Amino acid sequence: MSGKNVNISSLERNDLIAGVIAKHKRFIDEYNGEFNELDGKVTSLDKQAESAKKNREYVLERLDILKEKRHQLYHQAENLLGDLSSFDEIQVDDNKIIHSIYDAIVRIKPSMTLENEKQIVNEIKEKLSGMSFDKQDIQKLIFQIRSKVDDALGSSIELNSITGSDKEFNDMFFKLNDELKQVVPRHGWLKNRIESHKAGLKYWEDAASGKVVTTDEAVES
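In this text, all values refer to a predicted model and were calculated from it rather than measured experimentally. Here the residue index of a chain counts from 1 through its sequence in written order. Whole-chain, interface and lining totals are the exception, using all residues; otherwise, since this is a predicted model, local features are given only for residues with pLDDT of at least 70 and side-chain atom pairs are given and counted only at 80 or more. Hydrogens are left out, water is left out, and the side-chain values use all remaining heavy atoms of the structure.

(A) Expanded view of the overall build of the chain. Helix numbering and strand numbering both begin at the N terminus, where a helix is a DSSP run of H or I of at least 4 residues and a strand a DSSP run of E of at least 2. For the chain, the count of helices and strands is five helices and zero strands. Going from the N terminus to the C terminus, the chain shows its helices and strands as α-α-α-α-α. Two things to know: the radius of gyration comes from C-alpha atoms, and the globule rule equals 2.2 Å times the number of residues to the power 0.38. The C-alpha atoms of the chain give 38 Å as radius of gyration, which overshoots the globular expectation for 221 residues (17 Å, by more than 25%). For the chain, the spread of C-alpha atoms along the three principal axes comes to 130 × 30 × 20 Å. Taken over 221 residues, the chain has a buried fraction of 31%. For the chain, restricting intrachain contacts to residue pairs at least 6 apart in sequence, the fraction spanning at least 24 positions comes to 82%. Per-residue and other accessible areas were derived by the Shrake-Rupley procedure at a 1.4 Å probe size, with only the shown protein chains allowed to occlude residues. Of the roughly 14100 Å² of accessible surface on the chain, 51% is carried by carbon and sulfur atoms. By the counting scheme adopted, Arg and Lys are positive, Glu and Asp are negative, and His together with the chain ends is not counted. We put the charge of a Lys on NZ, of an Arg on CZ, of an Asp on CG and of a Glu on CD. In the chain, 33 side chains carry a positive charge and 40 a negative one; their mean positions are 5 Å apart. Under the scheme applied here, a residue whose accessible area is under 20% of the maximum for its type counts as buried, over 50% as exposed, and between as partly exposed, the area being computed with a 1.4 Å probe on protein chains only. We call two residues in contact when some of their heavy atoms are within 4.5 Å.

This is the structure in structure tokens:
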């Protein structure tokens, strides 16, 4: 009779371990499906949020660079106008044109609408085109002034094109972070449960193969 009891006890124990193993596998399969879906979503949202953050920082930095560049270029054009007026070949009428260009630059140095700035820059370039001198040094200065105001306008055009996009990237960053906050807790919970069931599965598979010794009570877990 004692031998029969041992055999029955052994069979029951093996059945119980098999049931526990099946339970862990079932939970792993169940949780894995949802976890993999959320994991992909978390990764995607995280990358998008990081990209939005970097774009926002780039735009803010670029805005500062362009504002400073625009200011410096117009300031350099003013200085070149001063150099131009110092030549003996510059007559009274030429000085009037130079002063009118200087006044125009003073008007556009502060912030203004892009259309107004384009109009004033075109007027400056027309006045510069009307100044014709044989002396190469004067021609060079006129070309440099024209180039400075052109580049300054180019900075204004780029400024206009990206102004406000920093706010858009900022709004996008916070929106994506809000979405992350909604899914991260569940994502973390699933990860912990999967790891727990994998650890349990390994333990009971080792028990089934005889690698570890279990008590009868432990089989129920």
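Next, the rest of the story.
(B) A look at the pattern of salt bridges. Salt bridges are identified by distance alone: a Lys or Arg side-chain nitrogen within 4 Å of an Asp or Glu carboxyl oxygen. Summed over the entire model, instances satisfying the criterion amount to ten salt bridges. One salt bridge in this structure joins Glu34 and Arg186, with 2.9 Å as the shortest N-O distance. Residue Glu34 is located in helix H1 (residues 2–85), and its partner Arg186 is located in helix H5 (residues 165–208); the two are separated by 152 residues in the primary sequence. Classification of Glu34 as partly exposed rests on a relative accessible area of 31%. Note on Arg186: relative accessible area 35%, which makes it partly exposed. Its salt-bridge partner being Glu78, residue Lys109 comes within 3.2 Å of it at the nearest N-O pair. Here Lys109, found in the loop between helix H2 (92–108) and helix H3 (114–129), pairs with Glu78, found in helix H1; they are 31 residues apart in sequence, far enough to count as distant. With a relative accessible area of 22%, Lys109 lands in the partly exposed category.

(C) Representation of the nonpolar core in the model. Counting residues in hydrophobic clusters, the biggest one holds 27 residues, and the most contacted among them are Tyr74, Leu84, Ile105, Ile124, Ile142, Ile145 and Val149. For this core, the element with the highest residue contribution is helix H4 (residues 136–162), accounting for seven residues. Among residues more than four places away in sequence, those in contact with Ile124 are Ile101, Ala104, Ile105, Ile108 and Val149. We define the nonpolar core as a collection of buried residues of types Ala, Val, Leu, Ile, Met, Phe, Trp, Tyr and Cys that are connected through side-chain atoms lying within 4.5 Å of one another.

(D) Broad picture of the packing of H3 against H4. Only the stretch in contact is used when a helix axis is fitted, and all axes are lines through C-alpha atoms; the angle between N-to-C directions ranges over 0 to 180 degrees. Two numbers describe how H3 lies on H4: the axes approach to 10 Å, and their chain directions differ by 170°. On the basis of their axis angle, the class for H3 and H4 is roughly antiparallel. For the pair H3 and H4, the contacting residues are Leu114, Glu117, Lys118, Val121, Ile124, Lys125, Leu128 and Ser129 in the first and Ile142, Ile145, Arg146, Val149, Asp150, Ala152, Leu153, Ser156, Ile157 and Asn160 in the second. Any angle that falls under 35 degrees is termed roughly parallel, while one over 145 is termed roughly antiparallel, one within 65 to 115 roughly perpendicular, and all others oblique.

(E) Just H3, in detail. To estimate the expected span of a helix, count its residues, drop one, and scale the result by 1.5 Å. Between its first and last C-alpha atoms H3 spans 22 Å; for 16 residues at 1.5 Å apiece the expected length is 22 Å, and the two agree. Inspection of H3 places Leu114, Glu117, Ile120, Val121, Ile124, Lys125 and Leu128 among the buried residues, and these make up the whole buried set. The buried side chains of H3 occupy one side of the element, clustering within an arc of 140° when seen end-on. Away from its buried face by more than 90 degrees, H3 exposes Glu115, Glu126 and Ser129. Note that the arc is computed from the directions linking the helix axis to the C-beta atoms.

(F) Quick peek at the environment of Phe143. The residue Phe143 is located in helix H4 in this model. Looking at Phe143, the relative accessible area reads 57%, which means it is exposed. C-alpha of Phe143 to C-alpha of Lys125: the two residues are 18 residues apart in sequence and 9.8 Å apart in space.

(G) Structural view of the packing of aromatic side chains. Ring geometry is summarised as follows: Phe, Tyr and Trp rings, the Trp one being its six-membered ring, pair when their centres sit within 6.5 Å, and such pairs are stacked at plane angles under 30 degrees, edge-to-face over 60 and tilted between the two. Under the criterion given, the structure shown has four aromatic pairs. Ring plane angle 25° and centroid distance 5.7 Å describe the contact between Phe27 and Tyr31, whose orientation is recorded as stacked. Of this pair, Phe27 and Tyr31 both sit in helix H1, four residues apart, which is roughly one turn of that helix. Of the residues examined, Phe27 reaches a relative accessible area of 23% and is grouped as partly exposed. Where Phe173 meets Phe174, the ring centres are 5.4 Å apart and the plane angle is 75°; that geometry is what we call edge-to-face. For Phe174, a relative accessible area of 47% translates into the label partly exposed. We count a charge as sitting over a ring when the NZ of a lysine or the CZ of an arginine lies within 6 Å of the ring centre and within 35 degrees of the ring normal. Its end group placed over the ring of Phe27, Arg26 keeps NZ or CZ at 5.3 Å from the ring centre. One cation-aromatic arrangement involves Arg56 over Phe173; the distance from NZ or CZ to the ring centre is 5.2 Å.

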